[in-house]
Amino acid sequence: MIIKQLDRTETRLNKVQSLSNQNHISINNINGKLEKDKVTQLKSLVNGIQKKMRNMKSEIDDLKKRTCPQDWMLFMGHCYLFVYKKAIWSNAKNECQQKGGYLVKVESVAENLWLISALKAEVWIGLNDIQTEGQWRWTSDNTGISFSYWQSHQPNSGRRENCVHYCKTGCGRNAYGWNDLPCSRPQGYICEKQF
Ligand SMILES: [Ca+2]
Ligand SMILES: [Ca+2]
């Protein structure tokens, strides 16, 4: 009787043991899956980071390549080309357009001082009153002047002089300033364009 009960108990224990073993295997499987998922997640994270790093490197390379074209000078986000081969104002304007820019628009004290510091001869700028006498406008965007740097007693010649250049000795001065001049008088010129 007792032996039979013991046998049954043993059988039950064996069953429990077997179930426990099965559970252990299941738990191990779950753990294995969790590890796999974690590894997969980490791999995907690393791949994402590597991709971002490649993109950043390519952006840095692009930024390094972004510079003014050869012979153009960079100043505060704009490129400038100083041309000393003489041209009438309208040809200078066209030349700048063909180079992807415009006849220089001088908008600030800083820009004006920098241009003057780089100047080697008298040159056209984009300012003119061709359309309406006395209404000075920049040819690049047809805006009026918010900043000016006229030589003293300039502008002075009404309808005869409608285009503006930087002049120094030509105006009997020893520093560069703006002067209105007949547009047909050949001068060098400065082209400007966005960096
Ligand atoms: Ca004029
Ligand atoms: Ca003048």
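Before reading further, recall that the structure is shown in the block above.
Right, let's walk through the structure included here. (Residues numbered from 1 in each chain as written. Chains lettered and ligands numbered in written order. Predicted model: local features only at pLDDT ≥ 70, side-chain atom pairs only at ≥ 80, totals over all residues. Heavy atoms only, no water.)

A few points about the coordination of the calcium ion (ligand 2)
Angles between donor atoms at a metal ideally measure 109.5 degrees for a four-coordinate tetrahedral arrangement and either 90 or 180 degrees for a six-coordinate octahedral one. The criterion, for reference: Only nitrogen, oxygen and sulfur atoms qualify as donors, provided they sit within 2.8 Å of the metal or within 3.2 Å for Na, K and Ca; with water excluded from the atoms, sites may seem incomplete. When four donors show all angles between 85 and 135 degrees the site is tetrahedral, when four or six donors have opposite pairs over 155 degrees and all other angles between 65 and 115 it is square planar or octahedral respectively, and in every other case it is irregular. The buried label applies to any residue whose accessible area, calculated with a 1.4 Å probe on protein chains only, is under 20% of its type's maximum; exposed applies above 50%, and partly exposed to all values in between.
Distances from the calcium ion (ligand 2) to its protein donors, namely Gln154 (OE1), Asn156 (OD1), Glu161 (OE), Asn179 (OD1), Asp180 (O) and Asp180 (OD), fall within the range 2.0 to 2.5 Å. Angles of 67 to 148° at the metal separate the six donor atoms of the calcium ion (ligand 2), which places the site in the irregular class. Judged by its relative accessible area of 9%, Glu161 is buried. Taking the relative accessible area as the measure of exposure, Asn179 reaches 7% and is therefore buried.

Some remarks on the state of the cysteines
Definition in use: Two cysteine sulfur atoms form a disulfide, by the criterion used here, when they sit within 2.5 Å. Counting from the N terminus, the helices are DSSP H or I runs at least four residues long and the strands are E runs at least two residues long.
A full pass over the atoms with the stated rule returns four disulfides. One disulfide bridge connects Cys68 with Cys79, the sulfur atoms lying 2.1 Å from each other. The sign of the S-S torsion, about -90°, decides the handedness of the disulfide formed by Cys68 and Cys79: left-handed. Note that Cys68 is positioned in the loop between helix 1 (2-65) and strand 1 (73-75) and Cys79 in strand 2 (residues 78-87), a separation of 11 residues in sequence. By relative accessible area, which is 10% here, Cys68 ends up buried. Residue classification places Cys79 among the buried positions, given a relative accessible area of 1%. Across the disulfide from Cys167 sits Cys171; the S-S distance is 1.5 Å. A torsion of -110° about the S-S bond marks the disulfide between Cys167 and Cys171 as left-handed.

Some details on the coordination of the calcium ion (ligand 1)
Distances from the calcium ion (ligand 1) to its protein donors, Asp129 (OD), Asp129 (OD), Glu133 (OE), Glu133 (OE), Gly158 (O), Glu161 (O) and Asn162 (OD1), fall within 2.4 to 3.1 Å. One chain supplies every donor to the calcium ion (ligand 1), and in sequence these donors are spaced D-x3-E-x24-G-x2-E-N. Here Glu161 lies in the loop between strand 5 (137-138) and strand 6 (163-167) and Asp129 lies in the loop between strand 4 (123-128) and strand 5, a separation of 32 residues in the sequence. Both residues of the pair, Asp129 and Glu161, belong to the buried class.

Some points on helix 2 (residues 89-98)
We apply this condition: In this context, the arc is that of the directions from the helix axis out to the C-beta atoms. In this description, contact between two residues means that some pair of their heavy atoms is separated by no more than 4.5 Å.
When helix 2 is considered as a whole, its buried residues turn out to be Trp89, Ala92 and Cys96. Buried residues along helix 2 cover an arc of 60° about the axis, so they all sit on one side. Check the buried side of helix 2 and you find it contacts strand 2, strand 3 (102-103), strand 4, strand 6 and strand 8 (187-194). A positive backbone phi angle near 85° is found at Gly100, which sits one or two residues after helix 2.

As for the packing of aromatic side chains
A ring pair, where both rings are aromatic, is described by two values, the distance of the centres and the angle of the planes. As a reminder, the rule being used: When the centres of two rings from Phe, Tyr and Trp lie within 6.5 Å, Trp using its six-membered ring, the rings pair. Their planes under 30 degrees apart give stacked, over 60 give edge-to-face, and anything left gives tilted.
Overall, the coordinates contain eight aromatic pairs when judged by the stated rule. Aromatic side chains Phe75 and Trp114 sit 4.8 Å apart centroid to centroid with 5° between the ring planes, which places their arrangement in the stacked category. Placement of Phe75 in strand 1 and of Trp114 in helix 3 (residues 109-118) is noted, with a sequence separation of 39 residues between them. Residue Phe75 is classed as buried on the basis of its relative accessible area of 16%. Note on Trp150 and Trp178: the rings are 5.8 Å apart at their centroids and 85° apart in plane angle, and the pair reads as edge-to-face.

Overview of the nonpolar core
The nonpolar side chains of a soluble globular protein tend to be buried with one another. Test applied: Buried residues of nine kinds, namely Ala, Val, Leu, Ile, Met, Phe, Trp, Tyr and Cys, make up a nonpolar core once their side-chain atoms join them within 4.5 Å.
Ranked by internal contacts, the top residues of the largest apolar core, which has 21 residues, are Val106, Leu115, Ile125, Tyr166, Trp178 and Ile190. Elements supplying a minimum of two residues to this core: strand 2, helix 3, strand 4 and strand 6. The element that contributes the greatest number of residues to this core is helix 3, accounting for four residues.

Comments concerning the environment of Arg159
Turning to its location among the elements, Arg159 is positioned in the loop between strand 5 and strand 6. Owing to a relative accessible area of 44%, Arg159 belongs among the partly exposed residues under this scheme. Separated by 29 residues in sequence, Arg159 and Ile130 have C-alpha atoms that sit 8.3 Å apart. In this structure Arg159 touches Asp129, Ile130, Gln131, Thr132 and Glu133, once residues within four positions along its chain are discounted.

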